[in-house]
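Each chain, written out:
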Amino acid sequence: MTSETPIIGEYSPKMLWDMQKETRDQLNEHCRSHKKDIDKIHEDTTEIKQSIAELNKTVSLLLDRKKPIRSRYAWITSAVIAILFGVSQFWEYIIKK
């Protein structure tokens, strides 16, 4: 064997280094894709928490009113609006997925 690169078994050290580098690059790309997924989950979680906070605020305002609600239908209407708002926020989250 008169080649410049020494051979170890069937592979040269350069070939082994290239295979290791390729494997490392594939692993890094794999980790980057998972990081994107994790970041998306964190964004979605933040949006859900904000929606829940808004819904809690709306419900608090409905329950903490100082003057009595004049009719039972007005209270029911307000509750239905708050629930519909929550459902619409959840639906937007589902559609984004």
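Data block above holds the structure.
Residues numbered from 1 in each chain as written. Predicted model: local features only at pLDDT ≥ 70, side-chain atom pairs only at ≥ 80, totals over all residues. Heavy atoms only, no water.

Secondary structure summary: the protein chain contains 2 helices and 0 strands in total. Roughly 8800 Å² of accessible area belongs to the protein chain as shown, and the carbon and sulfur atoms make up 63% of that amount. (Helix = DSSP H or I, 4+ residues; strand = E, 2+ residues; numbered from the N terminus. Areas by Shrake-Rupley, 256 points an atom, 1.4 Å probe, with all protein chains shown as cover.)

This part covers the environment of threonine 58. Take threonine 58: it is sitting in helix H1 (residues 13-63). Taking the C-alpha atoms as reference, threonine 58 lies 9.4 Å from serine 78; in sequence the two are 20 residues apart. In this structure the side chain of threonine 58 is engaged in a polar contact, spanning 2.9 Å, whose partner is the backbone oxygen of glutamate 54. (Polar contact = N/O pair within 3.5 Å; in protein donor to acceptor, adjacent residues only side chain to side chain.)

Here the focus is the pattern of salt bridges. Summed over all chains, the structure comprises 5 salt bridges. The salt bridge involving arginine 32 is made with glutamate 29; its shortest N-O contact spans 3.2 Å. Of the two residues, arginine 32 and glutamate 29 both sit in helix H1, 3 residues apart, roughly one turn of that helix. For arginine 32, a relative accessible area of 46% translates into the label partly exposed. By relative accessible area, glutamate 29 is classed as partly exposed at 42%. Across the salt bridge formed by lysine 35 and aspartate 39, the nearest N and O atoms sit 3.2 Å from each other. With lysine 35 and aspartate 39 both in helix H1 and 4 residues apart, this pair spans about one turn of that helix. (Salt bridge = Lys/Arg side-chain N within 4 Å of Asp/Glu carboxyl O. Buried < 20%, exposed > 50% of the residue type's maximum accessible area, 1.4 Å probe, protein only.)

Let's shift gears to a nonpolar patch on the surface. A contiguous nonpolar patch, built from Val59, Leu63, Tyr73, Trp75, Ile76, Val80 and Leu84 and spanning about 710 Å² of accessible area, is present on the exposed surface. Of all elements in the fold, only H1 and helix H2 (72-96) reach the threshold of two or more residues within the nonpolar patch. Per-element accounting of the nonpolar patch gives the leading share, 5 residues, to H2. Residue placement: leucine 63 occurs in helix H1. (Patch = residues over 30% accessible without salt bridge, like charges linked within 9 Å, V, L, I, M, F, W, Y side chains within 5 Å.)

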